[in-house]
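Residue-level structural notes
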Amino acid sequence: MSRYSLAVGMARAEEIALLARQAEDAGFEALWAAEMSHEPFLPLAAAATSTSRIQLGTSIALAFVRSPWVTALSALDMDMLSGGRFILGLGTGLKRLNERWHGVAYGKPTPHIKECIQVIRLITENAHLGRPIRFSGQYYDLDIQGWQRPYPPQRERIPVFLAGVREGMIRTAAEIADGLLGHAIYSLPWIRQTVLPSVARGLAQAGRERSAFHLCLTVCCAAGKDRAAARRAAAATIAFYATVNTYEPLFAAFGGEYRRIQAAVLRGDTADMVDAVSDQMIDAFAVAGTPEEAREKLAAYAELADSICLAPPDQLIDPAETEEYRRALLATFGR
């Protein structure tokens, strides 16, 4: 059976520390922090202060908006703070956000991310040795001399997971990363027909065994006594992701709903966006309902993955509601 992990948000440090300790005590395998409304490393640093066993990972840190040197040092710092429990989860992010929000060059995402991970590993594995670190590629040209990180690393190698939604990036993750971070908008058919075959192709191309690779599926999960409210919250997150053009292929089976959501976005009508998400879409893209229903529905995902990251609905709803669903996940899936 797959192991459960939990997506964590942003709050006061003591609140995050308490949540992390509760998740560890409840038997969760990992905590994951995303980068969108907040920076992904800082919540994990707070979580490290109150825990000793649970793994801590970024899901994701944007790879191209930081220099590989900064990302490598952040990973080394987090691994030290946590006593060797950190997982560096990276993603390319969307081209538009990289270029318009961050003012950085996006390049061709597959060769760019391959090179980025190569440089990060070069730095994390050699920073303490005091010898020159050189790299010359298409996207990065580094010549680090006369510097040595004065702290020995916690481990010889920090795990690097890569996020992917479509075939190319999923295959790339299987080729070069230690694991894949699945997107919350995966449906079960997408996992079976796209994710698993792409992972297999990537592993075969790299000559790697499946046992050397970790598949972590993220599932948008809303469990509550108020079944209708839980499903409405999940619908809001689904509607949000349906506005991202990159994800359009995932919604191919729901063309009518997808077009209605797109039209509502243009009108600025958030309520109609959520109304456009049918019951069939909720069942396809989320696990939502009573706690008993959530446990039953999640079993189908658990059969396909090494671990499951449970993510509460967090788009187009009040943040306080998101936190209620996060705590419900602790109660529903904790031991």
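That block above? That's the structure.
Residues numbered from 1 in each chain as written. Predicted model: local features only at pLDDT ≥ 70, side-chain atom pairs only at ≥ 80, totals over all residues. Heavy atoms only, no water.

Time to look at helix 9 (residues 255-267). Here helix 9 contains 13 residues, and its C-alpha end-to-end distance of 19 Å stays within 8% of the 18 Å for a straight helix at 1.5 Å per residue. Contacts from the buried residues of helix 9 go to helix 8 (227-241), helix 10 (270-275) and helix 11 (279-285). Positive phi appears at G268, one or two residues downstream of helix 9, with a value of about 75°. (Helix = DSSP H or I, 4+ residues; strand = E, 2+ residues; numbered from the N terminus. Expected span 1.5 Å × (residues − 1). Contact = heavy atoms within 4.5 Å.)

What the rule picks out here adds up to 0 disulfides. C220 takes part in no disulfide bond, and the closest cysteine sulfur to it belongs to C221, at a distance of 7.6 Å. By relative accessible area, which is 4% here, C220 ends up buried. (Disulfide = S-S within 2.5 Å. Buried < 20%, exposed > 50% of the residue type's maximum accessible area, 1.4 Å probe, protein only.)

Here the focus is the pairing of strand 10 (residues 214-223). Within strand 10, 10 of the 10 residues are buried, which leaves it mostly tucked inside the rest of the structure. Burial of strand 10 is two-sided: the residues H214, C216, T218, C220 and A222 facing one way and the residues L215, L217, V219, C221 and A223 facing the other way are all buried. In this structure, strand 9 (residues 179-181) lies alongside strand 10, joined through 3 bridges in parallel fashion. Considered in strand 10, the bridge of L180 is made with L215. Between the parallel elements strand 9 and strand 10, the chain passes through helix 7 (residues 188-206) in a crossover that is right-handed. Looking at chain direction, strand 10 and strand 12 (residues 307-311) are connected through 5 bridges and run parallel. The partner of C220 across the bridge, within strand 12, is A311. (Pairing = 2+ DSSP bridges. Right-handed = clockwise from strand over helix to strand, strands pointing away.)

In this section: unusual backbone geometry. For residues besides glycine, phi is generally negative; the peptide bonds are generally trans as well. Looking along the chain, the bond that leaves S59 and enters I60 is cis, with omega of 20°. The residue I60 is located in the loop between strand 3 (55-58) and strand 4 (61-62) in this model. Even without glycine at this site, L316 takes up a positive phi of about 60°. Relative to the assigned elements, L316 resides in the loop between strand 12 and helix 13 (319-333). Taking the relative accessible area as the measure of exposure, L316 reaches 37% and is therefore partly exposed.

To continue, consider the pattern of salt bridges. All told, the structure shown has 23 salt bridges when counted by the stated rule. Residue R66 is joined to E35 by a salt bridge in which the shortest nitrogen-to-oxygen separation is 2.9 Å. You can see R66 sitting in the loop between strand 4 and helix 3 (68-81) and its partner E35 sitting in the loop between strand 2 (30-33) and helix 2 (41-48), a full 31 residues away along the chain. We note that R66, like E35, is buried. The shortest N-O distance in the salt bridge between R210 and D306 comes to 2.9 Å. With R210 in the loop between helix 7 and strand 10 and D306 in the loop between helix 12 (291-302) and strand 12, the pair connects residues that are 96 residues apart, well separated along the chain. Note on R210: relative accessible area 33%, which makes it partly exposed. Here D306 falls in the partly exposed class, since its relative accessible area comes to 24%. Connected via shared salt-bridge partners are R121, E125, R157 and D178. (Salt bridge = Lys/Arg side-chain N within 4 Å of Asp/Glu carboxyl O.)

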